[in-house]
Every structure is written in structure tokens, then in C-alpha cells.
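# Structural description and commentary
Here is how the chains run, residue by residue.
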Amino acid sequence: MVFCKKKTDKLEAFRVGYHIIPEWLKTELETSFYKDKHIEINHELKGKAEIIIKYPTFMAKSGDWIVKNTNGQLTAYKHKEFIKLYEVIYDDK
């Protein structure tokens, strides 16, 4: 037998360093107990700043995706893993 994942509800996603930080993520970062300590910018990379978003249970760097699941929980994925699991329906960058 061959199986594939069922279609799920539409989820909000954000790619670190590629998209403007969406309101749902700003709100989450501002209301947590790590307030004002979530976003770092590393200028040591060659010609490009790396953005790092830290949250109590994960860390996402430039190129990684942050997904807001249907239960409101945030999950971080590397790009290769994200494109295997999700398809883009609307990209407003």
C-alpha cells in the first residue's frame, strides 16, 4: 500500500530572513517570558547577516521556517524538511 499525508488546515508559516516577520509571530514573541531576547543578528557571515530567532523550545536561523500549528504551537523546520511537508498556497513575502 502507498500512503500520503491528508490535507490539513491552512497553517501560517514564516521563513526567517526571507519574509517580513508576521503579526502572529510578533505577538507571540512579545507576550512570552523571553520578551526582547528572541531575535539576534549575526554579522560575522560573509556579506550577509544571519537572523536567529530563539524561543523556549526551539531556535530558527536564516532560511529556516517557523510554522504556527492549529493548536497554536510554534515549530521550526529546516527548508528541505519544510518543502517535503508543506506546499505554498499563498506567499505574501
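The coordinates are above.
To start, this report covers the structure provided alongside it.

Basis of the calculations
Residues numbered from 1 in each chain as written. Predicted model: local features only at pLDDT ≥ 70, side-chain atom pairs only at ≥ 80, totals over all residues. Heavy atoms only, no water. Phe/Tyr/Trp six-rings, centres within 6.5 Å; stacked < 30°, edge-to-face > 60°. Helix = DSSP H or I, 4+ residues; strand = E, 2+ residues; numbered from the N terminus. Buried < 20%, exposed > 50% of the residue type's maximum accessible area, 1.4 Å probe, protein only. Lys NZ or Arg CZ within 6 Å of the ring centre and 35° of its normal. Pairing = 2+ DSSP bridges. Axes fitted to C-alpha atoms, helices over the stretch in contact; angles between N-to-C directions. Contact = heavy atoms within 4.5 Å.

## Some points on the packing of aromatic side chains
Throughout the structure, instances matching the rule amount to three aromatic pairs. Consider the rings of Trp65 and Phe82, whose centres lie 4.0 Å apart with planes at 5°: the pair is stacked. Here Trp65 is found in strand 5 (residues 65-68), whereas its partner Phe82 is found in helix 2 (residues 79-85), with 17 residues between them in sequence. The same class applies to Trp65 as to Phe82, namely buried. Consider the rings of Tyr77 and Tyr86, whose centres lie 5.8 Å apart with planes at 70°: the pair is edge-to-face. When its relative accessible area of 13% is taken as the criterion, Tyr77 is described as buried. Given the relative accessible area of 24%, Tyr86 is considered partly exposed. An aromatic cluster is built from Trp65, Tyr77, Phe82 and Tyr86, whose rings are joined through pairwise contacts. One cation-aromatic arrangement involves Arg15 over Tyr18; the distance from NZ or CZ to the ring centre is 4.0 Å.

## Re the sheet that holds strand 5
The strand order across the open sheet formed by three strands is 1-5-6, and the pairing between neighbours is antiparallel. A single partner strand is all that each edge strand has here, and the edge strands are strand 1 (12-15) and strand 6 (74-77). Strand after strand, the sheet turns through a mean of 20° between neighbouring axes, direction not considered. The sheet contact formed by strand 5 and strand 6 spans four bridges and is antiparallel. Residue pairing for strand 6: Lys68 is matched across the bridge by Leu74. Strand contacts of helix 1 (residues 23-31): strand 1, strand 5 and strand 6, with the helix running at about 85° to strand 1, the strand carrying the most contacts.

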